[in-house]
Amino acid sequence: MNIEAGFLRDRFRIPAGPDGNPSLYFCGNSLGLQPIAAAEAVEAELERWARLGVAGHFDGLLAWMPYHRLLTDHLAELVGAEKHEVVAMNSLTVNLHLMMISFYRPHGERRRILIERGAFPSDRHAVASQIALHGLDTEHDLVELAPRRDGLIHEEDLEDYLNDHGERVALVLWPGVQYATGQVFDLERIAGACRKAGAVLGLDLAHAVGNIPLKLHELGADFAVWCSYKYLNAGPGAVAGCFVHQRHERHQGPRLAGWWGHDEASRFRMGPDFEASRGAEGWQLSNPPILAMAPLRASLDLFHEAGMEQLRRLSLELTGHLAGELNRRVGDHLDILTPLEPQRRGCQLSLRIHGGRRAGRQLFERLEGHGVVADWREPDIIRIAPTPLYNTAEETERFVRLVEKLL
Ligand SMILES: Cc1ncc(COP(=O)(O)O)c(C=O)c1O
């Protein structure tokens, strides 16, 4: 079977551009498009609420009480985890804090958190505030590993740092895909280095989930968090995801607890003592927002149908073709910051236009005027992310032609 990228395009709603035709939507790395089934899934829950009232918590296959489990199978499949290792809950930064409360346990000399320089600001705020919560000082205990002159962070540098200072590192918080450059990291290598150094490894998979295949269980990361509004197409501010490795499934250390993390068998006895559910579900706090979970359920169904391996194969072709054409036809006018080796990139390309910020901004705005939806990251980066679920090779060709014309 010869499946082309965009093969599930008719299952999405494509926003119109200025001329009323479908836009060239390359912004799935920021906010993915709406699956048609999302509205149906929300509508179904509104209808159940109207018809059943409180009985909806326990009625039928879509009962709200165990609703989060309807997402578990596909979520586990998507990130390569055991079912009890994943849960859909909260938002990314909230989950990151919940994980750090449990797994950032500075003691003695082992106090540092290692992140990448240029990390997404929310991650930096989160780790800085966790360090402060322990009465420690970011000056000493927050380490930001710098990129090299090529703008990329080399796994080797992380290994070197951990070889030299590993006994001082309590937690490495690392992205699967760097948000600004689109660089995909060799997570196996990073996990190996963390294991050797005795440091906890947490992953921010905001730009990795639904973009590249993941094998979190096998990888052995301690925890991972991600959001669901980018490649996962679950809508603005969608319910996020969290992975906790099986070896922590009976975690006895500190955690912020809430009644929804209490073991389901005894939760409704309403006793005063907290008994955690097994695995990731034990970190849930509140009963989940069903109307926000419904689009995620619809979206995960599409990923299951498409298969992440197949999407990755198509993505490599789609983004590879785009990179090749940009380099060949307009390479004198721009640099692609994203590494182009297949294993070091996902859907996204980050472009820097020659001539400085003004030239880049000008091209970006002209492209917008011609129906291209990409995004701009300060100070001077245009990010463009063809996503194989709904973008086609023909669209990437139109994009390159527009760049040629508008430069
Ligand atoms: C890499 C990364 N980390 C963290 C966040 C913050 O996510 P949230 O607002 O869902 O907590 C984002 C949002 O885009 C992100 O790209």
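Definitions and cut-offs
Residues numbered from 1 in each chain as written. Predicted model: local features only at pLDDT ≥ 70, side-chain atom pairs only at ≥ 80, totals over all residues. Helix = DSSP H or I, 4+ residues; strand = E, 2+ residues; numbered from the N terminus. Contact = placed C-beta atoms within 7 Å. Core = buried A, V, L, I, M, F, W, Y, C linked by C-beta atoms within 7 Å. Buried ≥ 20, exposed ≤ 12 C-beta atoms within 10 Å, placed from the backbone. Domains from an automatic or database assignment. Axes fitted to C-alpha atoms, helices over the stretch in contact; angles between N-to-C directions. Parallel < 35°, antiparallel > 145°, perpendicular 65-115°, else oblique. Near = placed C-beta within 6 Å. Nonpolar A, V, L, I, M, F, W, Y, C, P; charged D, E, K, R; others polar. Pairing = 2+ DSSP bridges. Right-handed = clockwise from strand over helix to strand, strands pointing away.

> Explain the overall build of the chain to me, and be specific about the residues and the numbers.
Each helix and strand in the chain was counted, giving 13 helices and 15 strands. Considering only C-alpha atoms, the chain reaches an extent of 70 × 60 × 40 Å along its principal axes. Considering only residue pairs separated by 6 or more positions, the chain has 71% of its internal contacts joining residues 24 or more positions apart.

> Any chance you could break down the nonpolar core for me, citing the residues and the numbers?
One finds Val79, Ala199, Leu201, Val225, Cys242 and Phe243 to be the most contacted residues of the largest nonpolar core, which totals 115 residues. Looking at this core element by element, the count peaks at 8 residues for helix α10 (residues 290-306). Here this core spans two domains, and each of domain 1 (9-26 + 307-406) and domain 2 (53-305) adds at least three residues to it. When neighbours within four sequence positions are excluded, Leu201 is seen to be in contact with Val172, Trp174, Ile190, Ala191, Cys194, Ala221 and Asp222.

> Pulling in residues and values, what's your account of the packing of helix α6 (residues 155-165) against helix α7 (residues 187-197)?
In the contact formed by α6 and α7, the axes pass within 10 Å of each other and the chain directions differ by 0°. Here α6 lies roughly parallel to α7, going by the angle between them. Contacts between α6 and α7 involve Glu155, Leu158, Glu159 and Leu162 from the first element and Arg189, Ile190, Ala193, Cys194, Lys196 and Ala197 from the second.

> Requested: an account of the site of the ligand, with residues and values cited.
Close contacts around the ligand come from Ser91, Leu92, Thr93, Phe120, Ser122, Asp123, Pro175, Tyr179, Asp204, Ala206, His207 and Cys227, and that covers them all. Those elements that provide at least two residues to the shell around the ligand are α3 (92-103) and α4 (121-133). A class-by-class count of the residues in the shell around the ligand yields 6 nonpolar, 4 polar and 2 charged.

> Outline the pairing of strand β8 (residues 200-204), listing residues and values.
Burial of β8 is extensive: 5 of the 5 residues sit out of reach of the surface. Two elements, strand β7 (residues 169-175) and β8, share 5 bridges in a ladder whose sense is parallel. Counterpart to Leu173 in the pairing with β8 is Gly202. For the crossover that starts at β7, traverses α7 and ends in the parallel β8, the hand is right-handed. Where β8 meets strand β9 (residues 223-226), 3 bridges bridge the pair, whose relative direction is parallel. The partner of Leu203 across the bridge, within β9, is Ala224.

> Describe the sheet that holds β8, with residues and values.
The strand order across the open sheet formed by 7 strands is β4-β10-β9-β8-β7-β5-β6, and the pairing between neighbours is mixed. In the strand order of this sheet, the two ends are held by β4 (86-88) and β6 (142-145), each with one partner. Neighbour-to-neighbour, the strand axes of this sheet turn through a mean angle of 20°, independent of strand direction. Two strands pair when backbone bridges link them, and β9 and strand β10 (residues 241-244) are joined in this way by 4 bridges, in the antiparallel orientation. Within β10, the residue paired with Ala224 across the bridge is Phe243. Sheet contacts for helix α2 (residues 69-79): β4 and β10; angle to β4, the most-contacted strand, approximately 120°. The strands touched by α3 within the sheet are β7, β8, β9 and β10, with β9 carrying the most contacts at an inclination of about 165°.

> Can you explain the domain arrangement of the chain? Please cite residues and give values.
With domains assigned, the chain is organised as domain 1 (9-26 + 307-406) and domain 2 (53-305). Distance between the C-alpha centres of domain 1 and domain 2: 29 Å. Counting from both sides, the interface comprises 19 residues of domain 1 and, opposite them, 15 residues of domain 2. When residues in the side of domain 1 that touches domain 2 are grouped by element, the largest group, 3 residues, is from helix α11 (residues 308-330).

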